[in-house]
Amino acid sequence: MASPLPARHNPAGAPIAPFDPNFASGFGGYPPPPSEDRLELRVIWAVLRRHWFLILLCVGVAGAAGWYLTDRMTPVYEAAATLRIAESESAVPGLEVLKDLRGQGSEVNTEVEVLKSRAFADSVVARLGMSLGVVEPRRVPRSRLISSAVIAPTSDTGQIVIESSGNRTTVAGLHGQTVVAKPGDTVQIGSVKLVLARGIASYPRVVLSLSAPTAATRSFVERLRVTRPNRDANIITVRFRHSDPEVAAAVPNELLSVFLSQRVGTRRTGARSTVDFLRAQMDTLGIELRGAEDSLKAFREGSQVVAIETQAQVSVGKLAELKAERDEVASELQALDSVLVRNLAVGADSSGGSAYRRLLAFPTLLRNQTVSVLLASMTTLENQRATLLTRRTMRDPDVITLTGQINGVEGQIRSLVVSYTDGLRAQVAAYDRTLAQSGSQLSAIPAKEVQLARLMRSTTVLGDLSTLLQTRLKEAEIAQAVEDPSAQVVDRAVLPEQPVSPRRAVNLALALLVGLFLSVGAVFARELLDNKVHSREDLQRAAAVPVLGVIPHFQPERATTTGRLRRPSAAQIESQAAGGAVASTSLVAASHPASTVLEAYRALRTSLAFALAERPPKIVVITSPTPGDGKSTSTANLAASLAQQKLKVLVIDADMRRGALHRTLGGVRQPGLSELLTGRAELAAVLQPLSFDGIGRIDLISTGTVPPNPAELLSSHRLTDLLEAVEPLYDTILIDSPPVNNVADALVLAPHADGVLLVARGNKTERGAVKFAMEQLASVRAKVMGTVLNDFDTRRADAYGGYYAGTGYGPVGED
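Rules used in this analysis
- Residues numbered from 1 in each chain as written.
- Predicted model: local features only at pLDDT ≥ 70, side-chain atom pairs only at ≥ 80, totals over all residues.
- Heavy atoms only, no water.
- Helix = DSSP H or I, 4+ residues; strand = E, 2+ residues; numbered from the N terminus.
- Contact = heavy atoms within 4.5 Å.
- Areas by Shrake-Rupley, 256 points an atom, 1.4 Å probe, with all protein chains shown as cover.
- Expected span 1.5 Å × (residues − 1).
- Buried < 20%, exposed > 50% of the residue type's maximum accessible area, 1.4 Å probe, protein only.
- Arc of directions from axis to C-beta.
- Pairing = 2+ DSSP bridges.
- Axes fitted to C-alpha atoms, helices over the stretch in contact; angles between N-to-C directions.
- Parallel < 35°, antiparallel > 145°, perpendicular 65-115°, else oblique.
- Nonpolar A, V, L, I, M, F, W, Y, C, P; charged D, E, K, R; others polar.
- Core = buried A, V, L, I, M, F, W, Y, C linked by side-chain atoms within 4.5 Å.
- Salt bridge = Lys/Arg side-chain N within 4 Å of Asp/Glu carboxyl O.
- Patch = residues over 30% accessible without salt bridge, like charges linked within 9 Å, V, L, I, M, F, W, Y side chains within 5 Å.
- Phe/Tyr/Trp six-rings, centres within 6.5 Å; stacked < 30°, edge-to-face > 60°.
- Left-handed = near helix turned anticlockwise from the far one by under 90°.
- pLDDT = per-residue confidence, 0-100.

Asker: I keep staring at the overall build of the chain and nothing clicks. Help me out?
Answerer: Secondary structure assignment for the chain yields 26 helices and 25 strands. When contacts within the chain are restricted to residue pairs at least 6 apart in sequence, those whose partners lie at least 24 apart make up 76%. Carbon and sulfur atoms form 55% of the exposed surface of the chain, whose accessible area is close to 41,200 Å².

Asker: Can you help me understand helix H2 (residues 52-72) in this one?
Answerer: Counted at 1.5 Å a residue, the expected span for H2 with its 21 residues is 30 Å, and the 30 Å between its end C-alpha atoms agrees. Residues of H2 that are buried: Ile55, Val59, Ala62, Gly63, Gly66 and Thr70. Projected down its long axis, H2 carries its buried residues within an arc of 100 degrees, all on one side. Away from its buried face by more than 90 degrees, H2 exposes Phe53, Val61 and Tyr68.

Asker: Just checking my understanding: could you explain the sheet that holds strand E21 (residues 688-692) for this structure?
Answerer: For sheets, the rule is that strands pair by backbone hydrogen bonds, running either parallel or antiparallel. Strand order in the open sheet formed by 8 strands is E15-E25-E24-E19-E23-E20-E22-E21, and the pairing between neighbours is mixed. Two strands close off the open sheet at either side, each with one partner strand: strand E15 (547-552) and E21. Each adjacent strand pair in this sheet contributes to an overall mean axis angle of 25 degrees, direction not counted. With 4 bridges connecting them, E15 and strand E25 (residues 784-792) associate as parallel partners. Residue pairing across strands places glycine 549 opposite valine 788, the latter belonging to E25. Set on the sheet, helix H15 (residues 536-543) makes contact with E15, strand E24 (755-761) and E25; between it and E25 the angle comes to about 150 degrees. Against the sheet, helix H26 (residues 767-779) contacts E24 and E25, and its axis sits at roughly 165 degrees relative to E24.

Asker: I would appreciate a short explanation of the packing of helix H1 (residues 41-50) against helix H14 (residues 504-529) in the present structure.
Answerer: When two helices pack together, their arrangement is given by the angle between their axes and by how far apart the axes lie. Packing of H1 against H14 leaves a shortest axis separation of 10 Å and a crossing angle of 100 degrees. Taken together, the axes of H1 and H14 are roughly perpendicular relative to one another. Of H14, the residues touching H1 (which contributes Ile44, Val47, Leu48 and Arg50) are Val520, Val523, Phe524 and Glu527. Residues that form the contact of H1 with H14 fall into these classes: 6 nonpolar, no polar and 2 charged.

Asker: Looking at this model, I keep getting lost on the pairing of strand E20 (residues 649-653). Mind explaining?
Answerer: Along any regular strand, the residues point their side chains to alternate faces of the sheet. Counted residue by residue, E20 has 5 buried out of 5 residues, so it is predominantly covered. The alternating pattern of E20 places Val649, Val651 and Asp653 on one face and Leu650 and Ile652 on the opposite face, and all of these are buried. Looking at chain direction, E20 and strand E23 (residues 732-736) are connected through 5 bridges and run parallel. Within E23, the residue paired with leucine 650 across the bridge is isoleucine 733. Both E20 and strand E22 (residues 696-701) contribute to a ladder of 3 bridges, which runs parallel. Residue pairing for E22: isoleucine 652 is matched across the bridge by isoleucine 701.

Asker: What exactly am I supposed to notice about unusual backbone geometry here?
Answerer: Peptide bonds are, in most cases, trans, and in most cases residues other than glycine have a negative phi. Look at the link from glutamate 136 to proline 137: it is a cis peptide, with omega at 0 degrees. Among the secondary structure elements, proline 137 is positioned in the loop between strand E4 (132-136) and strand E5 (146-151). The linkage connecting glutamine 670 with the following residue, proline 671, adopts the cis geometry, with an omega of -10 degrees. Relative to the assigned elements, proline 671 resides in the loop between helix H20 (661-665) and helix H21 (673-678). Despite not being glycine, arginine 139 has its phi angle at roughly 65 degrees, a positive value. Within the secondary structure, arginine 139 sits in the loop between E4 and E5. Unlike most non-glycine residues, arginine 781 shows phi in positive territory, near 60 degrees. Looking at where arginine 781 falls in the secondary structure, it is placed in the loop between H26 and E25.

Asker: In this structure, what is going on with the nonpolar core? I would like to understand it.
Answerer: Across soluble globular proteins, nonpolar side chains have a tendency to be buried as a group. Grouped together as the largest cluster of nonpolar side chains are 46 residues, with contacts concentrated most on Ile652, Leu673, Leu714, Ile733, Ile735, Val770 and Leu777. Other than its neighbours up to four places away in sequence, valine 770 contacts Val533, Leu539, Ala542, Ala543, Pro625, Leu758, Ala760 and Thr765. Ranked by size, the runner-up nonpolar core spans 33 residues in total, among them Ala636, Leu638, Leu734 and Val788.

Asker: How should the pattern of salt bridges be read in this particular structure?
Answerer: Pairing is possible between side chains of opposite charge, provided their charged atoms come close. Going through the model one piece at a time under the given rule, you end up with 21 salt bridges. Of the charged contacts in the structure, one is a salt bridge between arginine 263 and glutamate 111, with a shortest N-O distance of 3.2 Å. Of this pair, arginine 263 sits in helix H7 (residues 245-303) while glutamate 111 is found in helix H4 (residues 106-115), placing the two residues 152 residues apart along the sequence. Assessed through its relative accessible area of 13%, glutamate 111 is described here as buried.

Asker: Would you take a moment to explain a nonpolar patch on the surface for this structure?
Answerer: On the surface, Trp52, Phe53, Leu56, Leu57 and Val61 cluster together into a nonpolar patch covering about 570 Å² of accessible area. In this structure, leucine 56 sits in helix H2.

Asker: It is not clear to me how the packing of aromatic side chains should be interpreted in this structure. Could you clarify?
Answerer: Think of a pair of aromatic rings as described by two things: how far the centres are apart, and how the planes are tilted against each other in angle. Under the counting rule described, the total for this entry stands at 3 aromatic pairs. The interplanar angle of 80 degrees and the centroid separation of 6.2 Å between the aromatic rings of phenylalanine 120 and phenylalanine 259 together place this pair among those described as edge-to-face. Pair noted here: phenylalanine 120 is in helix H5 (residues 118-128) and phenylalanine 259 is in helix H7, with a separation of 139 residues, a long-range link. The residues phenylalanine 120 and phenylalanine 259 share a single accessibility class, namely buried.

Asker: Where do I start with the packing of H2 against H14 in this structure?
Answerer: In contact at an axis separation of 7 Å, H2 and H14 are set at 150 degrees when each is read in the N-to-C sense. Here H14 runs roughly antiparallel to H2, going by the angle between their axes. Of the two possible hands of crossing, H2 and H14 adopt the one that is right-handed. Residues Leu54, Ile55, Cys58, Val59, Ala62, Gly63, Gly66, Trp67, Thr70 and Asp71 of H2 form the contact with H14, whose own contacting residues are Arg504, Asn507, Leu508, Ala511, Leu512, Gly515, Leu516, Ser519, Ala522, Val523 and Arg526. Residues of the contact of H2 with H14, tallied by class, amount to 12 nonpolar, 6 polar and 3 charged.

Asker: What am I meant to see in the environment of arginine 472 here?
Answerer: Tracing the backbone through its elements, the reader meets arginine 472 in helix H13 (residues 447-481). Given the relative accessible area of 25%, arginine 472 is considered partly exposed. Considering only alpha carbons, one finds arginine 472 and alanine 376, 96 residues apart in sequence, at a separation of 9.7 Å. Residues in contact with arginine 472, not counting those within four places in the same chain, are Leu278, Gln369 and Ser372.

Asker: I tried to follow the sheet that holds strand E11 (residues 205-210) on my own but got confused; where do I start?
Answerer: Taken in spatial order, the 5 strands make up an open sheet running E4-E11-E6-E7-E8, and their pairing is antiparallel. Every other strand in the sheet has two partners, leaving E4 and strand E8 (178-181) as the edge strands with one partner each. The sheet shows a mean angle of 25 degrees between the axes of neighbouring strands, direction not considered. Bridge count for strand E6 (residues 158-165) against E11 is 6 bridges, and the pairing is antiparallel. Looking at the pairing, isoleucine 162 lines up with valine 206 of E11.

Asker: Got a minute to help me understand the environment of lysine 771 in this structure?
Answerer: Secondary-structure assignment places lysine 771 in helix H26. Residue lysine 771 is classed as partly exposed on the basis of its relative accessible area, which comes to 44%. A sequence separation of 232 residues divides lysine 771 from leucine 539, and the C-alpha atoms of the two residues are 9.4 Å apart.

Asker: Even after reading the chapter, I still don't get the confidence of the model for the chain, so can you show me in this structure?
Answerer: Regions with low pLDDT carry predicted coordinates that are not meant to be interpreted in detail. Of all residues in the chain, 77% attain a pLDDT of 70 or more, and the chain-wide mean is 77. Here residues 1-38 is a poorly scored stretch, pLDDT under 50, and it has 70 contacts once near neighbours within four places are set aside; other chains count. Counting interchain partners and residues more than four positions distant, the pLDDT-below-50 stretch residues 810-815 has 0 contacts.

Asker: Help me understand the environment of valine 706 in this model?
Answerer: Mapped onto the fold, valine 706 is located in the loop between E22 and helix H23 (710-714). Along the chain, valine 706 and aspartate 655 lie 51 residues apart, while their C-alpha atoms are 9.3 Å from each other. Leave out the neighbours within four places in its chain, and valine 706 touches Met656, Arg657 and Arg669.

As structure tokens, then:
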């Protein structure tokens, strides 16, 4: 790589830096290239603008694909139903603590899991015949094809094909079975019974798929959603999705119907057991009441007792009553001890009920309100546990919880019985003390009066108990007959009108977004893989030297040796191909004297004058990395720009392989540089003075005859002699050399020049080629003054930053 340029001075003697990035050199003036360490937004925007068509194409293709795939997807409908669950309150106030320990809303959460159970799923699948699905035609509800379907639990899997022709319908089912029927008929195909809908004749071919019940249940569970939307509300939402909107609406309603039926059945089972228990107690109590009444009647008849003796003293009556109460309490205590021991020894009854339940049949205990409440609570808890045990085990957490509650109630019953027994013993002891103190009075109490009081009290107690049991029995029978108020359907599922999937607008938006991301990725991948020089920044990064000029794209003209230019005709182009005198030229100074391209070459001329610090370069070698970069065009136009300043300009076409400057400038090829270097011609013979209108004079030494060894010929001492001879005669000598990456001619010429100018073609020359060319020139210590970006398309300038484009700056009319 060329070493940094030394300091130079302007004509006034003021020092000027070798290269100022902010210096407005070249066409239009250019800002410094952006840093590679940061990605500017304008660079990103320029990249996107350059590839707008690719972005639109990718987005359009992605959007079309998203629309097509969405249109091909089977629509899915969703329906929802809501259920209210009222948590039951315990009949025993003390058991509310156990409810709090279970957690708030535990009953609702339990019912949510019950609704998602496989047992309910199997029941709904069987009721709705969901094992039978429609394969063809697509997006047609099953109800339009099949009115109803009954499928056996052990049915086979396969397909049922129904073909209709006129009023004749053929049903081909499993195992090759075929049935001919009419719309509206009931058809039995294996284990499947179908009722053909009236509208099935509108569809020539119908294909139904029959899946296994387990697979249908598994698909049902996957599509079912049972949630509790609000933790503070005892509301359960049941959602179901299906491609058939009628099935989507029927499933939540059917599931809630099954759930409520099962719940009512469980509740009625508990009420029925309570009724049976109360009726049994009524029968036992009725026998005891009739016996007490018969004893009272027999005593009155046998003892001729109608009323208590009026003459009996009040104290004697009270003592008699006290004696009777003491005997009654003692009898009750004895009987209670006997029943308590017998019940605890026997344990639970045959139905799994608690042994303490038999204690509650004791008449005196039944009078206690607390005992009645405990009886109802224990009965409810045992019924609930029995219901859970139908589908769970004793190790289930809910069963264990109920068992603990039952044990708690039994403990309360035992505490009540023990407390009651202790109270009876205390009463008997108190009665004994009182009677011991009043023994003389007790002996005077007539036995008949005491016996009568005892029999009347027993009859009264049994009558009150009978009335109480009858009341409770009626309450239980009412509870058995009424519906369950703790579970109510709030909203039933309705037929959905719009599918929830696919969402066309969302899918299209996602497809467009994906297409946008893919297109942007493709654009930046293409940019990363693109190694061409597109902008001034690209060329400056690749060459690491100043860009002295940016030459816009222009169309070449044709010229004759007289210097007068005109548009080429088809015949002239053919003549040029055959080696005629008509030549192709790109002298914009002659064809477009006020064009933007000419201003670009004038800017290049100015930049070249200040390219070296010590003095303007006199001998300049112009080369390029690869063929077709426009070095010859740049040489000719730079020479014309210098000639317009009345400078003496010599152009040497040193490209003795493909030299074309004689055609560009309108000269002749022979004799030329090859004859001069081989000694077959003198300088005066090869020097071609060419004059152009509006430009001036340009002297040309063409290539001459193509030699077999151009590099060796250029290495001879005669080239040095030539340059020494012409240097005093001209202000600027431009040497057009072959591409530096292809042949070594430019490397041979570079040491003889004051500087080298490297020309790169926009959108063609690769950055790697520019870097390699700079390395080649650095290997011979060539002084590279800068580069030229040739053939830049100003119409695409906005896509590369926007500051290249311009329409020229010319004079305007006076006001």
